Amino acid sequence: MAYTPLTFRSVAFSEEAFLSEIAKASGAPVEAPADQARYLASYLKNPEAGARTILIEAPYIDRHYLEEFTGYYASALRAPPSHAVRLHFFRKEWGTSATEALLDQLSREGPEQTSSSLRDDYLGFIVVRPLPSAPIGRTVLRPYRNPDKPRCFEPANTQHDVHLLGLTLRVPGLPFQQQDQGVGACATTALWSALARVARADGARAVTPLAVTLAATRTLALGRAFPANKGLDRSQILEAIRHVGYAPEILNSFGAPTLFQLALKCYVRSGIPVILNLASTQWQENHAVTVVGYREDLSDSATTEIRYNQKGLSFGLRSRGLARLFVHDDRFGPYARMTWVLPTNGDTDSDGDTDDKVKELPHLSFDPYGNRDAFKNFLDPVKVYEAYVPLYPKLRMSATDLTLLASQLLPMVRHLAGAERRESLLVDLRFVLNGRYLSEAYGLGLSSARTATLVSTLLLPRYIGVIRFSTASSHFLDVLCDTTDIPRTQPELAPVLAFVPQDEGHREALRTFANSSGSAVVI
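Source: prediction; values computed, not measured.

Cut-offs and rules
- Residues numbered from 1 in each chain as written.
- Predicted model: local features only at pLDDT ≥ 70, side-chain atom pairs only at ≥ 80, totals over all residues.
- Heavy atoms only, no water.
- Helix = DSSP H or I, 4+ residues; strand = E, 2+ residues; numbered from the N terminus.
- Buried < 20%, exposed > 50% of the residue type's maximum accessible area, 1.4 Å probe, protein only.
- Contact = heavy atoms within 4.5 Å.
- Areas by Shrake-Rupley, 256 points an atom, 1.4 Å probe, with all protein chains shown as cover.
- pLDDT = per-residue confidence, 0-100.
- Phe/Tyr/Trp six-rings, centres within 6.5 Å; stacked < 30°, edge-to-face > 60°.
- Core = buried A, V, L, I, M, F, W, Y, C linked by side-chain atoms within 4.5 Å.
- Salt bridge = Lys/Arg side-chain N within 4 Å of Asp/Glu carboxyl O.
- Arc of directions from axis to C-beta.
- Pairing = 2+ DSSP bridges.
- Axes fitted to C-alpha atoms, helices over the stretch in contact; angles between N-to-C directions.
- Parallel < 35°, antiparallel > 145°, perpendicular 65-115°, else oblique.
- Left-handed = near helix turned anticlockwise from the far one by under 90°.
- Nonpolar A, V, L, I, M, F, W, Y, C, P; charged D, E, K, R; others polar.

1. A closer look at the overall build of the chain
On a plain count of helices and strands, the chain comes out with 12 helices and 22 strands. Residues counted as buried form 56% of the 523 residues belonging to the chain. Within the chain, counting contacts between residues at least 6 apart in sequence, those at least 24 apart form 70% of the total. Within the structure as shown, the chain displays about 22,700 Å² of accessible surface, and the carbon and sulfur contribution to it stands at 49%.

Below, the structure is given as structure tokens:
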């Protein structure tokens, strides 16, 4: 077999150059680029990304595509090549001399210092498969960063090591790829993205799209597993999650959009991707996307808040609303911006849900970066049918459980806050590794003695539930919860492990409350 050398070359980034490189690597016609390629061009040229150089690495052996090749394409009469091309993106303006510039810097500074100096300039990579109908393979790009826009991309906060010319570059992101109906349809790619995050967070190797399809069709196949042009139904999605070692939770948005939105926000805030099952009257089949982030609405308008009232209470939980969701949608690309539209034509009932006229599914509408006319066929709002969440098996408390517990504690917290602050209380819910929370505890503003007590005496499970009440963006009270069991009738507040108030003056009242309702400690 003839030897094929590895080659590197670079070009200045432009939409035309990018689309040309995709066409060269995949064999697709340059005059008819895929929607995903056009979206990625608009994403990379946006000032928040600011790509200026493309470095082309060829050939590239990608594990995810190689499994697709051996599992499906290798037996085709006209099989494509087994290797791909990888495009790297930098903010530095190197033009056609990127390889020479990098090698020169490496010779002068060494790999470690060079990698450090490029930390903020490296935007990530796109693997281009030699498949004209589905060129966009495994893609890891840095999400947008703008301190003026309060975005949460916690599921995309996974660091990926990228080896290039002896460098080890690191880029945060969540993998994306275009669906390839030979090996996996939209649900497969949405599952693959979500499972890549939870597996990496637990120290495991990310699954491949082929492995996801095999897991989903292992015991329930409505037709042939390959080609995978029939997609996956709900049972197959849940089976795939179980097969790779996680516990699936189903969130139904119909009838309880507020609880659904709070749960969605909680999981994404916790770094757990959420798979949305979308429906439209214009589609023959539903479509799956993966939620990887959100942007909070910081306006003071009460109409933009998420509010949940439990039965019998005239007040309820308040959380900042979601101005945007960011999803991996294989119709477009990674971090696609979606507007979130909840029903507004009705009043909230005593259960915190809307009345019968508005107990309907929330909607999402694609809000593209740049030229909206280029994506006009994708702008119609779609309904969120339900959601699937891959959870760590010992994370037995759900986001809904955490919400209901927060609502149960709210009267006590309002009493502590007093008349001046109770109406400004906001709640933030999340699950977090205990080590990360204890590290963050040093920034809570507690006394050194209280911080020492928190980090050195409190026995915690691997994941804890955190209910944070705040006022005017200031920490007021953290409630730490045991996630290894479900809420029980007695004792009523059994899941609560500890109360961590900001004000030491609230400790005595919290001790009295804790002694009457459970066995929680007060820090």
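2. Quick word on the confidence of the model for the chain
Looking at the chain, the pLDDT average stands at 87 and 90% of residues meet or exceed 70. Under a pLDDT of 50 for its full length, residues 345-358 has, in the predicted model, 28 contacts with residues more than four places off or in other chains.

3. So, the packing of aromatic side chains
Summed over all chains, the structure comprises 17 aromatic pairs. An angle of 80° between the planes, with centres 6.4 Å apart, marks the rings of F13 and F89 as edge-to-face. Within this pair, whereas F13 is found in the loop between strand 1 (7-12) and helix 1 (15-26), its partner F89 is found in strand 3 (residues 84-90), the two being separated by 76 residues in sequence. The residues F13 and F89 share a single accessibility class, namely buried. For the ring pair Y43 and Y335, a centre distance of 5.8 Å and an interplane angle of 25° mean the geometry is stacked. Linking Y43 in helix 2 (residues 35-45) with Y335 in strand 15 (residues 333-341), this pair joins segments that are 292 residues apart in sequence.

4. A closer look at the nonpolar core
Ranked by size, the top nonpolar core spans 103 residues in total, and within it F18, F89, L276, I467, F469 and F499 carry the most contacts. In terms of residues, this core owes the most to one element, helix 9 (residues 399-421), which gives 10 residues. If near-sequence neighbours (up to four positions away) are discounted, F89 is found in contact with F13, F18, L44, T53, I54, D121, Y122, L123, G124, F125, I126 and L141. Membership of the second largest hydrophobic core comes to 21 residues, among which are A215, L238, Y246 and Y388.

5. Here's the deal with the pattern of salt bridges
Overall, the coordinates contain 29 salt bridges when judged by the stated rule. Among the salt bridges present, the one from R9 reaches E21, with a minimum N-O distance of 2.7 Å. You can see R9 sitting in strand 1 and its partner E21 sitting in helix 1, a full 12 residues away along the chain. Under the relative-accessibility criterion, E21 is labelled buried at 5%. Here R269 makes a salt bridge to D428, at a shortest N to O gap of 3.3 Å. Separated by 159 residues along the polypeptide, R269 in helix 8 (residues 257-269) and D428 in strand 18 (residues 425-433) bring together distant segments of the chain. Take R269: its relative accessible area is 22%, and that puts it in the partly exposed class.

6. Comments concerning helix 11 (residues 448-457)
At 3.6 residues per turn, the α-helix brings residues three or four places apart onto the same side. The complete set of buried residues in helix 11 reads R450, T451 and L454. End-on view of helix 11: buried residues confined to an arc of 100°, all on one side of the axis. Facing away from the buried side of helix 11 by over 90 degrees, the exposed positions are S448, A449, S456 and T457. Residues of helix 11 that are buried make contact with helix 10 (434-440), strand 20 (474-482), strand 21 (496-501) and helix 12 (507-517).

7. A short note on helix 6 (residues 209-216)
Taking burial as the measure, the 8 residues of helix 6 include 6 buried ones, the bulk of the element. Along helix 6, the positions that sit buried rather than exposed are P209, L210, V212, T213, A215 and A216.

8. Considerations on the environment of D35
Mapped onto the secondary structure, D35 falls in helix 2. On the accessibility criterion, D35 (27% relative accessible area) is partly exposed. Separated by 296 residues in sequence, D35 and R331 place their C-alpha atoms 7.0 Å apart. Beyond its immediate sequence surroundings of up to four residues, D35 is in contact with R331, F332, F375 and F378.

9. Let's talk about the pairing of strand 2 (residues 53-60)
Summarising burial for strand 2: 7 of the 8 residues are buried, a large majority. Inspection of the sheet shows strand 1 paired to strand 2 by 6 bridges, in the antiparallel sense. Of the residues in strand 2, the one forming a bridge with V11 is I54. Pairing geometry for strand 2 and strand 3, over 6 bridges, is antiparallel.

10. A few points about the sheet that holds strand 20
The strand order across the open sheet built from 5 strands is 18-19-20-21-22, with neighbouring strands paired in mixed fashion. Looking at strand neighbours, the two that pair on one side only are strand 18 and strand 22 (521-522), the edges of this open sheet. Bridge count for strand 20 against strand 21 is 5 bridges, and the pairing is antiparallel. Its bridge partner being in strand 21, V479 is matched across the sheet by F499. Sheet contacts for helix 12: strand 20, strand 21 and strand 22; angle to strand 21, the most-contacted strand, approximately 165°.

11. Comments concerning unusual backbone geometry
A cis geometry characterises the amide bond from A58 onward to P59, with omega recorded as -5°. With respect to the helices and strands, the residue P59 is situated in strand 2. One non-glycine residue, L165, adopts positive backbone phi at about 60°. Within the secondary structure, L165 sits in the loop between strand 7 (159-164) and strand 8 (167-172). Its identity as a non-glycine residue notwithstanding, Y335 has a phi of 60°, on the positive side.

12. Some remarks on the sheet that holds strand 2
Ordered in space as 1-2-3-4-5, the 5 strands form an open sheet in which the pairing is antiparallel. The outermost strands of the open sheet, each flanked by one partner alone, are strand 1 and strand 5 (136-141). Across the sheet, the axes of successive neighbouring strands diverge by a mean angle of 20°, strand direction being ignored.

13. Quick word on the packing of helix 6 against helix 7 (residues 234-243)
Closest axis-to-axis distance for the helix 6/helix 7 pair is 7 Å, and the angle between their directions is 115°. Regarding the angle of helix 6 to helix 7, the classification is roughly perpendicular. As helix 6 runs across helix 7, the sense of the crossing is right-handed. Residues V212, A215 and A216 of helix 6 form the contact with helix 7, whose own contacting residues are Q236, E239, A240 and H243. Each residue belonging to the contact of helix 6 with helix 7 can be placed in one class, and the counts come to 4 nonpolar, 2 polar and 1 charged.

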